[in-house]
Amino acid sequence: MTAIRSVVLGCGAYLPRQILTNAELAARIDTSDEWIVQRTGIRQRHIAAEGEFTSHLAINAANAALANAGIDAQSIDLIVLATSTPDNTFPATAVAVQAALGIHHGAAFDLQAVCSGFVFALATADNFLRCGAFKRALVIGAETFSRILDWNDRGTCVLFGDGAGAVVLDAEQQPGKSSDRGILTTHLRSDGRHKSKLYVDGGPSSTRTVGHLRMEGREVFKHAVGMITDVIVDAFEATGTSAEDIDWFVPHQANKRIIDASAHKLHIAPQKVVLTVDLHGNTSAASIPLALSVAVADGRIRKGDLVLLEAMGGGFTWGSALLRW
């Protein structure tokens, strides 16, 4: 039996020019480079310039992905943009990307699952492509988290950065085996009982303000490893694969300690883990496509490699995707 798979044709990324180092943060708040690195693995993060919006980051990442794929924007008939920091309450930031790319057909919409957003967006686009509703999709994760941080809260402001990443997916007929190219399986979860552990204390309906990010760091860390491994085990079971079969593990880049603990628990060798958290910080929905772009650009991820993605975010939301590049 054959199957339609969502095959990655290309990927791209964009990071704002401004870099904010730990040393620069230490000059503003009660923290230090040593304290941040020891607890998170983060050494720097990128910050969007004044007047630089989430849409601008997303457009640049989209153009990079299209160039990497070697295709024309007019062949895209679906755009799914994962973000928690849209340009406006409405319309969706995705339509700004669509307009900038000169696309006047198909559909474009935003998806909100915080740091799990890219995995959720990838799963959404994959389902649309597999059912035949669309043929070619642009999946983007883009964030300007610097706009929702309390810069006096050292427990959160040191963690996050801005950026965008994108992939182009194409619906292709494959043999229907675990050796197929494309997305093999996705698994999504959420549990709203944990909302208070990671949230933004504002919104148009509740406070009529944007609000600031609030987090119970210890609680998030405690839940992260267990939740992440849950959906990865599901991915292995769905495809008959194991940690030994994985060529590359590309996790959400939130905290090096969480990533290390997850890889260890899953018996994924450290040399298979793609890490960018030291250079980017936590870019929420942008972190996985940013990391993918780095690993593709430097030659680590190649055609035929089995790649495992995972993420966890506020809500809580969490999810995994297993794909063959």
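Only a predicted model underlies this, so the values are computations on that prediction, with no experimental measurement involved.

## Remarks on helix α8 (residues 256–266)
Move 1: Buried residues of α8: Ile258, Ile259, Ser262, Ala263 and Leu266, and no others. Buried positions in α8, seen along its axis, are confined to an arc of 125° and lie on one side of it.
Move 2: Residues of α8 that are buried make contact with α7 (217–239) and β11 (248–251).
Move 3: Backbone geometry just after α8 places His267 at a positive phi near 65°.

## Things to note about the UniProt feature "domain: Beta-ketoacyl-[acyl-carrier-protein] synthase III N-terminal" (unreviewed entry) in the chain
Move 1: Mapped onto the present numbering, the UniProt feature "domain: Beta-ketoacyl-[acyl-carrier-protein] synthase III N-terminal" (unreviewed entry) falls at residues 109–192.
Move 2: As annotated, residues 109–192 comprises 21% helix and 40% strand, and the C-alpha atoms at either end are separated by 23 Å.

## Some remarks on helix α5 (residues 117–130)
Move 1: Its 14 residues place the ends of α5 20 Å apart at the C-alpha level, agreeing with the 20 Å of an ideal helix rising 1.5 Å per residue.
Move 2: Of all 14 residues that make up α5, 10 are buried, and the element is covered over most of its length.
Move 3: Burial in α5 covers these residues: Gly117, Phe118, Val119, Phe120, Ala121, Leu122, Ala123, Ala125, Asp126 and Leu129.
Move 4: Gly132 sits one or two positions beyond α5 and adopts a positive phi of about 90°.

## Observations regarding the environment of Pro91
Move 1: Within the secondary structure, Pro91 sits in the loop between β4 (78–82) and α4 (93–100).
Move 2: Separated by 161 residues in sequence, Pro91 and His252 have C-alpha atoms that sit 27 Å apart.

## Observations concerning the environment of Gly41
Move 1: With respect to the helices and strands, Gly41 occurs in the loop between α2 (33–40) and β3 (44–47).
Move 2: Spatially, the C-alpha atoms of Gly41 and Thr239 are 32 Å apart, while their sequence positions differ by 198 residues.
Move 3: Beyond its immediate stretch of four places on either side in the chain, Gly41 contacts Ile36, Lys256, Val277 and Asp278.

## Topic: the domain arrangement of the chain
Move 1: Under the domain assignment used here, the chain contains domain 1 (3–174) and domain 2 (182–324).
Move 2: Inter-centroid distance (C-alpha atoms) of domain 1 to domain 2 is 14 Å.
Move 3: When domain 1 packs against domain 2, the two sides together hide about 3700 Å² of surface, and 67% of this comes from carbon and sulfur.
Move 4: Counting the surface domain 1 buries against domain 2, the share from its top three residues, Cys115, Val119 and Ile148, is 16%.
Move 5: The interface formed by domain 1 and domain 2 holds one salt bridge in total.

## Some thoughts on unusual backbone geometry
Move 1: Backbone torsion omega between Phe90 and Pro91 reads 5°, so that peptide bond is classified as cis.
Move 2: Note that the residue after Gly315, namely Phe316, is joined by a cis bond; omega there is -15°.
Move 3: For Phe316, the position within the fold is in the loop between β12 (306–313) and β13 (317–324).
Move 4: We note that Arg208 has phi near 60°; this positive angle belongs to a residue other than glycine.
Move 5: Here Arg208 shows up in the loop between β9 (198–200) and β10 (213–215).
Move 6: Phi is positive for His267, close to 65°, though the residue is something other than glycine.
Move 7: Here His267 shows up in the loop between α8 and α9 (277–280).

## Observations regarding the UniProt feature "active site" (unreviewed entry) in the chain
Move 1: As recorded in UniProt, the sites labelled "active site" (unreviewed entry) are Cys115, His252 and Asn282. These annotated residues cover 168 residues of sequence, and their C-alpha atoms all fall within 8.5 Å of one another, placing them together at a single site.
Move 2: In this structure, Cys115 sits in the loop between β5 (107–111) and α5.
Move 3: According to the relative accessible area criterion, Cys115 is buried, its value standing at 6%.
Move 4: Non-local contacts of Cys115, meaning those with residues more than four positions away in its chain, are made with His252, Asn282, Ser284, Ala285, Ala311, Met312 and Gly313.
Move 5: His252 has contacts with Cys115, Ile259, Asn282, Ser284, Ser287, Ile288, Glu310, Ala311 and Met312, leaving out every residue within four places of it along the chain.

## Comments concerning the nonpolar core
Move 1: Counting residues in hydrophobic clusters, the biggest one holds 43 residues, and the most contacted among them are Val158, Ile232, Phe249, Ile268, Leu308, Met312 and Phe316.
Move 2: Mapped by element, the contributors of at least two residues to this core are α7, α8, β12 and β13.
Move 3: Each of domain 1 (3–174) and domain 2 (182–324) gives at least three residues to this core.
Move 4: Excluding its chain neighbours within four sequence positions, the residues that come into contact with Phe316 are Arg189, Ser190, Asp191, His194, Lys197, Leu198, Val220, His223 and Met227.
Move 5: Residues Leu169, Val274, Ile288 and Ala291 belong to the second largest nonpolar core, which totals 36 residues.

About the criteria used
- Residues numbered from 1 in each chain as written.
- Predicted model: local features only at pLDDT ≥ 70, side-chain atom pairs only at ≥ 80, totals over all residues.
- Heavy atoms only, no water.
- Buried < 20%, exposed > 50% of the residue type's maximum accessible area, 1.4 Å probe, protein only.
- Helix = DSSP H or I, 4+ residues; strand = E, 2+ residues; numbered from the N terminus.
- Arc of directions from axis to C-beta.
- Contact = heavy atoms within 4.5 Å.
- UniProt positions renumbered as here; feature names shortened; annotations may be inferred.
- Expected span 1.5 Å × (residues − 1).
- Domains from an automatic or database assignment.
- Buried area = accessible area lost by both parts, 1.4 Å probe.
- Salt bridge = Lys/Arg side-chain N within 4 Å of Asp/Glu carboxyl O.
- Core = buried A, V, L, I, M, F, W, Y, C linked by side-chain atoms within 4.5 Å.

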